[in-house]
Amino acid sequence: MNKHAYYLDLFVVLVFAAAGRASHSLSDSVLGVLETAWPFLIGVLVGWVAVLRQDRHVWWLDGVLIAMSTIVVGMLLRLATGEGTALAFVLVASGVLVAGLVGWRAVAAAFAARQHKSLT
């Protein structure tokens, strides 16, 4: 993974947390967003470690692995700390995080393929 991938993954999780806080009329302070995001940021970190341990990298597989790690670890940490894990939240969070973490990789892969095609 290149360094831009790390930044984009962090961006997705932080936007997810900020949007969630805004939808519930909670403070949009940096500390508030980090308070909401931290379980999912730990999940992203676990996903990065799993991806880096693989020999072969495929954009969609990396994205799915990181997204699943983010969701599972994030929800387990929320549950362990007494935060909400209602089914509706789990479903919305899963959809947003998969769309974001796999989605930016799909866009990047499409641009790379288009650029490769134009060079040949």
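Cut-offs used in this document
- The residue numbers shown here count from 1 along each chain, following its written sequence.
- It should be noted that, the model being predicted, local features are given only for residues of pLDDT at least 70 and side-chain atom pairs only at 80 or more, the latter also being counted only at that level, while totals for whole chains, interfaces and linings use all residues.
- Computation of side-chain values: all heavy atoms of the structure, hydrogens and water removed.
- Definition of nonpolar core: a set of buried residues of the types Ala, Val, Leu, Ile, Met, Phe, Trp, Tyr and Cys, connected through side-chain atoms within 4.5 Å.
- Summary of the burial criterion: residues with accessible area below 20% of their type's maximum are buried, those above 50% are exposed, and those between are partly exposed, where the area comes from a 1.4 Å probe applied to protein chains only.
- Secondary structure is summarised from DSSP: a helix means a run of H or I of at least four residues, a strand means a run of E of at least two, and numbering begins at the N terminus for each.
- By definition in these notes, contact holds between two residues if any of their heavy atoms fall within 4.5 Å.
- Think of a polar contact as two N or O atoms within 3.5 Å of one another; within protein, one of them needs to be a possible hydrogen donor and the other a possible acceptor, and neighboring residues in sequence only count if both atoms come from side chains.
- Only residues whose relative accessible area exceeds 30% and that form no salt bridge are eligible for patches; like-charged ones are grouped when within 9 Å, while nonpolar side chains (Val, Leu, Ile, Met, Phe, Trp, Tyr) are grouped when within 5 Å.
- To be clear on the numbers: accessible area is Shrake-Rupley with a 1.4 Å probe, and residue cover counts the displayed protein chains and nothing else.
- Whenever Lys or Arg places a side-chain nitrogen within 4 Å of a carboxyl oxygen from Asp or Glu, that contact is recorded as a salt bridge.

Caption draft 1: Seen up close, the nonpolar core. One finds V13, F40, L97 and L101 to be the most contacted residues of the largest nonpolar core, which totals 19 residues. Ranked by residues supplied to this core, first place goes to helix α2 (residues 30-52) with six residues. Ignoring sequence-local partners within four residues, the contact set of F40 consists of V13, F16, T70, G74, M75, R78, F89 and L97.

Caption draft 2: Inspection of the side chain of D9 at higher detail. Among the secondary structure elements, D9 is positioned in helix α1 (residues 3-23). Judged by relative accessible area, which is 0%, D9 ranks as buried. Here W104 takes part through its side chain, which lies 2.9 Å from a polar atom of the side chain of D9. Each residue touching D9, except ones within four places of it in the same chain, is listed here: M1, V44, W48, I66, L101, W104 and R105.

Caption draft 3: Fine view of the environment of A113. Residue placement: A113 occurs in helix α4 (residues 87-119). Overall, the relative accessible area of 46% leaves A113 in the partly exposed class. Linking A113 and I42, residues 71 residues apart in sequence, is a C-alpha distance of 31 Å.

Caption draft 4: Region of the structure containing a nonpolar patch on the surface. On the surface, a nonpolar cluster with roughly 500 Å² of combined accessible area is contributed by W59, W60, L61, V64, M68 and V98. Here the element with the most residues in the nonpolar patch is helix α3 (residues 59-80); it accounts for five residues. Counting through the fold element by element, L61 comes out in helix α3.

Caption draft 5: Local environment of the pattern of salt bridges. Scanning the model with the defined rule gives one salt bridge in all. Salt-bridge contacts for R105 lead to D9; the nearest nitrogen and oxygen are separated by 2.9 Å. Of this pair, R105 sits in helix α4 while D9 sits in helix α1, placing them 96 residues apart in sequence. Across the pair, exposure class does not vary: R105 and D9 are buried alike.

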